[in-house]
Structures are given as C-alpha cells and as structure tokens.
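Read off the chains here:
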Amino acid sequence: MAAPEEQDLTQEQTEKLLQFQDLTGIESMDQCRHTLEQHNWNIEAAVQDRLNEQEGVPSVFNPPPSRPLQVNTADHRIYSYVVSRPQPRGLLGWGYYLIMLPFRFTYYTILDIFRFALRFIRPDPRSRVTDPVGDIVSFMHSFEEKYGRAHPVFYQGTYSQALNDAKRELRFLLVYLHGDDHQDSDEFCRNTLCAPEVISLINTRMLFWACSTNKPEGYRVSQALRENTYPFLAMIMLKDRRMTVVGRLEGLIQPDDLINQLTFIIDANQTYLVSERLEREERNQTQVLRQQQDEAYLASLRADQEKERKKREERERKRRKEEEVKQQKLAEERRRQVIHDFLFSLKESPEKFQIEANFPRRVLPCIPSEEWPNPPTLQEAGLSHTEVLFVQDLTDE
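Rules used in this analysis
- Residues numbered from 1 in each chain as written.
- Predicted model: local features only at pLDDT ≥ 70, side-chain atom pairs only at ≥ 80, totals over all residues.
- Heavy atoms only, no water.
- Helix = DSSP H or I, 4+ residues; strand = E, 2+ residues; numbered from the N terminus.
- Buried < 20%, exposed > 50% of the residue type's maximum accessible area, 1.4 Å probe, protein only.
- Areas by Shrake-Rupley, 256 points an atom, 1.4 Å probe, with all protein chains shown as cover.
- Pairing = 2+ DSSP bridges.
- Core = buried A, V, L, I, M, F, W, Y, C linked by side-chain atoms within 4.5 Å.
- Contact = heavy atoms within 4.5 Å.
- Phe/Tyr/Trp six-rings, centres within 6.5 Å; stacked < 30°, edge-to-face > 60°.
- Salt bridge = Lys/Arg side-chain N within 4 Å of Asp/Glu carboxyl O.
- Polar contact = N/O pair within 3.5 Å; in protein donor to acceptor, adjacent residues only side chain to side chain.
- Axes fitted to C-alpha atoms, helices over the stretch in contact; angles between N-to-C directions.
- Parallel < 35°, antiparallel > 145°, perpendicular 65-115°, else oblique.
- pLDDT = per-residue confidence, 0-100.

Novice: Just checking my understanding: could you explain the overall build of the protein chain for this structure?
Specialist: When its secondary structure is counted, the protein chain shows 11 helices and 9 strands. Taken over 397 residues, the protein chain has a buried fraction of 38%. When the accessible area of the protein chain is evaluated, it comes to approximately 25100 Å², of which 53% is carbon and sulfur surface.

Novice: I'm lost on the pairing of strand 6 (residues 242-250) in this one. Help?
Specialist: Taken residue by residue, a regular strand's side chains alternate between the two faces of the sheet. Most of strand 6 sits inside the fold, with 8 of its 9 residues counted as buried. Sheet topology note: the strand 2 (residues 79-82)/strand 6 ladder contains 4 bridges and is parallel. Looking at the pairing, Ser 80 lines up with Arg 248 of strand 6. Where strand 5 (residues 232-239) and strand 6 come together, 8 bridges link them in antiparallel fashion. The residue bridging Leu 233 from the neighbouring strand is Leu 249, located in strand 6. Linking two consecutive strands that pair antiparallel, namely strand 5 and strand 6, is a turn of 2 residues; a positive phi of about 55° is found at Asp 240 within it.

Novice: Teacher, can you tell me more about the nonpolar core here?
Specialist: Within soluble globular proteins, side chains that are nonpolar generally end up buried alongside one another. With 55 residues, the main nonpolar core has Leu 173, Val 175, Tyr 176, Phe 188, Trp 209 and Met 235 as its most contacted residues. The element contributing the most residues to this core is strand 5, with 7 residues. Among residues more than four places away in sequence, those in contact with Val 175 are Tyr 159, Trp 209, Val 221, Leu 225, Phe 232, Leu 233, Ala 234 and Ile 236.

Novice: How do you make sense of unusual backbone geometry when you look at a structure like this?
Specialist: With the exception of glycine, the majority of residues adopt a negative phi angle, and the majority of peptide bonds are in the trans configuration. Backbone torsion omega between Tyr 230 and Pro 231 reads -5°, so that peptide bond is classified as cis. Along the chain, Pro 231 turns up in the loop between helix 9 (216-225) and strand 5. At Arg 226, a residue that is not glycine, the phi angle is positive and equals roughly 55°. Take Arg 226: it is sitting in the loop between helix 9 and strand 5.

Novice: Would you explain the packing of aromatic side chains in this entry?
Specialist: What characterises a pair of aromatic rings is the spacing of the ring centres plus the angle enclosed by the ring planes. One pass over the full model with this rule turns up 7 aromatic pairs. The interplanar angle of 55° and the centroid separation of 5.9 Å between the aromatic rings of Phe 139 and Phe 143 together place this pair among those described as tilted. With a gap of 4 residues between them, Phe 139 and Phe 143 both fall in helix 5 (residues 132-147), about one helical turn apart. For the pair shown, Phe 139 and Phe 143 are each scored as buried. Ring geometry for Phe 143 and Phe 154: centres 5.3 Å apart, planes at 80°, overall edge-to-face.

Novice: In this structure, what is going on with the pattern of salt bridges? I would like to understand it.
Specialist: It is possible for side chains bearing opposite charge to pair when their charged atoms get close. As enumerated under the stated definition, the model contains 17 salt bridges in all. Close ionic contact of Arg 168 with Asp 165 constitutes a salt bridge, the shortest N to O distance being 2.7 Å. One end of the pair, Arg 168, and the other, Asp 165, are both in helix 6 (residues 159-169), 3 residues apart, so they sit about a helical turn from each other. Across the salt bridge formed by Arg 317 and Glu 314, the nearest N and O atoms sit 2.5 Å from each other.

Novice: Teacher, can you tell me more about the sheet that holds strand 9 (residues 389-393) here?
Specialist: Within a sheet, each strand pairs with its neighbour through backbone hydrogen bonds, oriented either parallel or antiparallel. Spatially, 8-7-9 is the arrangement adopted by the 3 strands of the open sheet, whose pairing is antiparallel. Edge positions in the open sheet fall to strand 8 (362-363) and strand 9, since each of these has one partner strand only. Sheet topology note: the strand 7 (residues 353-357)/strand 8 ladder contains 2 bridges and is antiparallel. Within the sheet, the bridge partner assigned to Ala 357 lies in strand 8 and is Arg 362.

Novice: Help me understand the environment of Leu 249, please; the structure alone is not making it clear to me.
Specialist: Relative to the helices and strands, Leu 249 resides in strand 6. The class of Leu 249 is buried, set by a relative accessible area of 4%. Separated by 168 residues in the primary sequence, Leu 249 and Tyr 81 place their C-alpha atoms 4.8 Å from one another. In contact with Leu 249, not counting residues within four places along its chain, are Tyr 79, Tyr 81, Pro 231, Phe 232, Leu 233, Leu 258, Gln 261, Leu 262 and Ile 265.

Novice: What should I look at first to understand the side chain of Arg 248 in this one?
Specialist: When you line up the elements, Arg 248 lands in strand 6. A polar side-chain atom of Arg 248 sits 2.8 Å from the main-chain carbonyl oxygen of Arg 226. Once residues lying within four places of it in the same chain are set aside, the contact partners of Arg 248 are Ile 78, Tyr 79, Ser 80, Tyr 81, Leu 225, Arg 226, Glu 227, Asn 228, Phe 232 and Leu 233.

Novice: Would you take a moment to explain helix 6 for this structure?
Specialist: The periodicity of an α-helix, 3.6 residues per turn, causes residues three or four positions apart to be oriented the same way. Most of helix 6 is tucked away, with 9 of its 11 residues classed as buried. Those residues of helix 6 not exposed but buried are Tyr 159, Ser 160, Gln 161, Ala 162, Leu 163, Asn 164, Asp 165, Ala 166 and Lys 167.

Novice: Even after reading the chapter, I still don't get the environment of Ala 268, so can you show me in this structure?
Specialist: Mapped onto the fold, Ala 268 is located in helix 10 (residues 255-336). Counting along the chain gives 22 residues from Ala 268 to Val 246, while the straight-line C-alpha distance between them is 9.3 Å.

Novice: Got a minute to help me understand the packing of helix 5 against helix 7 (residues 185-193) in this structure?
Specialist: Packed helices, taken two at a time, are described by their axes: the angle between them and the distance between them. At a minimum axis separation of 11 Å, helix 5 and helix 7 run at an interaxial angle of 75°. Between helix 5 and helix 7, the crossing angle belongs to the class labelled roughly perpendicular. Facing helix 5, whose interface residues are Phe 143, Lys 146 and Tyr 147, helix 7 presents Ser 185, Asp 186, Cys 189, Arg 190 and Leu 193.

Novice: What is the right way to read helix 9 from this model?
Specialist: Most of helix 9 sits out of view: 7 of its 10 residues are buried. Turning to helix 9, its buried residues are Pro 216, Glu 217, Gly 218, Tyr 219, Val 221, Ser 222 and Leu 225. As for helix 9, its buried residues are in contact with helix 5, helix 6, strand 3 (172-178), strand 4 (206-212), strand 5 and strand 6. Positive phi appears at Arg 226, one or two residues downstream of helix 9, with a value of about 55°.

Novice: Whenever I open this one, the confidence of the model for the protein chain confuses me. Can you help?
Specialist: In regions of low pLDDT, the predicted coordinates are not meant to be interpreted in detail. Confidence in the prediction for the protein chain averages 79 pLDDT; 72% of positions are at 70 or higher. Contacts of residues 1-7 to residues separated by more than four positions or lying in other chains number 12 contacts, the stretch itself having pLDDT below 50. Throughout residues 55-67 the model reports pLDDT below 50, and contacts reaching past four residues in sequence, or to other chains, amount to 31 contacts.

What follows is the structure, encoded as structure tokens:
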C-alpha cells in the first residue's frame, strides 16, 4: 500500500510526514520529507521553522520573526490623501503667523542641524532595534499619560507581528507613526485619534498599531513606509497574496474626514479580502479532503501491517507447534530406549548378546526385529519392579 517514494520510511516517519503536510499545507511530499530530514524528523522543530519562514508566530512574548513579512509600498494604485495646513485668516491670524514664523523656522532648522551633526558623532540609536515590544509598551504608556485611556486599542506587539495577525485573520491594519516633535501631533491625538466615533470605527473594522518614530521600532517602520509628514497613517492589507499599503493619510485630519477616508479605503478594497477568504476556504476544504485521504491511507496501511503481523504470529505459532511435536517425538524416542542400548554402550558388552529375565525365565525383545521394529520400553517388557537381568553372550554362535 505504501507509495514508491515512501517505501523506505518507517511507520512513524510516514505518520510524521503526513502530519507535517497537514500542518503546513505543503503540496509536495518530497519537500515535506526534505524539510523533516533537515530537522532529524523532529516535527515540532520543522513546523515551527516552516511557520517562521512563511509568516512567523505572532506573540508579544516571542521575539519578532527572523524573516518578517515584506510590505509592498511600490503599488502606484495606493490611495494617498494629504492634508495641508490651513492658511491663516484675517489680519490677526496672519499677524500671529508672521510673528511665529521666524521662531518656528529657527526651531526646526536648529533641530535638523543638531540631528544632522549628531549623526557624524555617533550613529542614530534608533537604527538598532533591541526591544521592539518594549518600544511599543513605552509609547502606549506615554500616550495614555498625555491623552488618557480613551483611545483605539493598541496592538501590543511588534510591527511584524501585527502584519502576521492581519494576514492570518484577513483584516485591515492601520499603522500610525507618531512624530513627537511635529506641531500637529498633539492636536491629532487629542482631538481626532481619541474621538469616540474614530475609536469605534477603528476597533470594529481593523487592527491598530502605533509607535513613536523616536523609538527604534517606530523609526524602523518609518523607514519602510517612507512617510512625508505627520500625523501619518497607513492602511495595510493582504492584496494579491502580499501585504500591501492600500492607503496613506498624511497631515492634520479632522475626525469626520478621517472616518470618511478610512471607510472609503475599506470599501474600495473589501473585495480583495472576500476573494482571499473564498480561496482560503477552498484550500481548507482541499486540505480536509487530503487529510481524509491521508487518514484512509494510514488506516489501510495499519490494516496491512496488522495482517502482516497476524501472518507472522501464525507462522511463529506453527513453528512453535512443529518444534513442540518434534520435541515430543524426541522425548518419546528417548523414553523408548531400553537396557539393550545401555548395555551396548558399555565397553564390557559383547558384540552380540541377548537379555534374559529369571522369574519367569524369558528373553526380552530388546533388539529391533521385524516383529519388534521399535523395541518395547521397560514397562512394555513387563519390568515394572526391581529385577535381576542376565546378559548372554551370543558372539560365538
């Protein structure tokens, strides 16, 4: 019953092979076997390595996968919405703007120069991500201290883990990069991001991941998404089997406008998730069918092995029976041995003799003859008690 490529596998290895295929969904049996052989048939290690390679294991208690998901940011069909700062109105507004303009220009210029010069002295510490989960937790605490606990539910894990969860659950992922030094960040967080209607939309329709770009984890994500200004929001989803940025919102945006833009992005891309769900359902059904076929194969394999086991047991039983019969025959032959054999083995025994009993006088038929091909035992010869026997030499006759 075993397939040709599995003939050299043990039963345990065959079961592990089929189980590994069910857990990973790999179609090629040769690839499954190769992976298991690389891990010395340790199925737990092989499955874990495969999952890490494909998607990772989203968990805030584990480090991020060594090969995180790559996000497609080069799609020219990305929906981009940039909000420019409103122009001053009235004489008072323009007066305030012109008065503050030199101070703002001087502040940001000096800040940029300082940061630029600092890079020559020492590398940017944000370029080394050592504790991504710690960066997320630290940002959450600072956010709540400044803006309160009424906010969208933060994803308590790394960016890579959020991508993995969004991909696995087929959900939209909204990424918020917080610019601590930007003039609009405070107003956006306080009035827009923490607005009840915005919180309700985000919590019910998508995952929400946020971090400050002053943190190494947030800085790493900002380098990947290449934002232009703050506040910055990116909508990411599984599209064409790749995690893709399908919407970018930049600049200070009001709550109603944010809700409209997010809803528009969701409605425009919902069909991709529906299509992916249908494909996954089809793959799951195919996997269930394959699992049923594998179970039937294993059942047939076990049945064949059980038949073979019973055949071996039957052969062993017959062998033991034949051995038992043989031993019984040998025992019977030994039991049939008579005094003639004993006397003939002695050195003093003549070459030809007969054995006689005294009372009553008779010759014991101890030598095989046509009448007695098998000499009788002592009991069959009537010697059931102590008796004196005589050996008569017949050599000269």
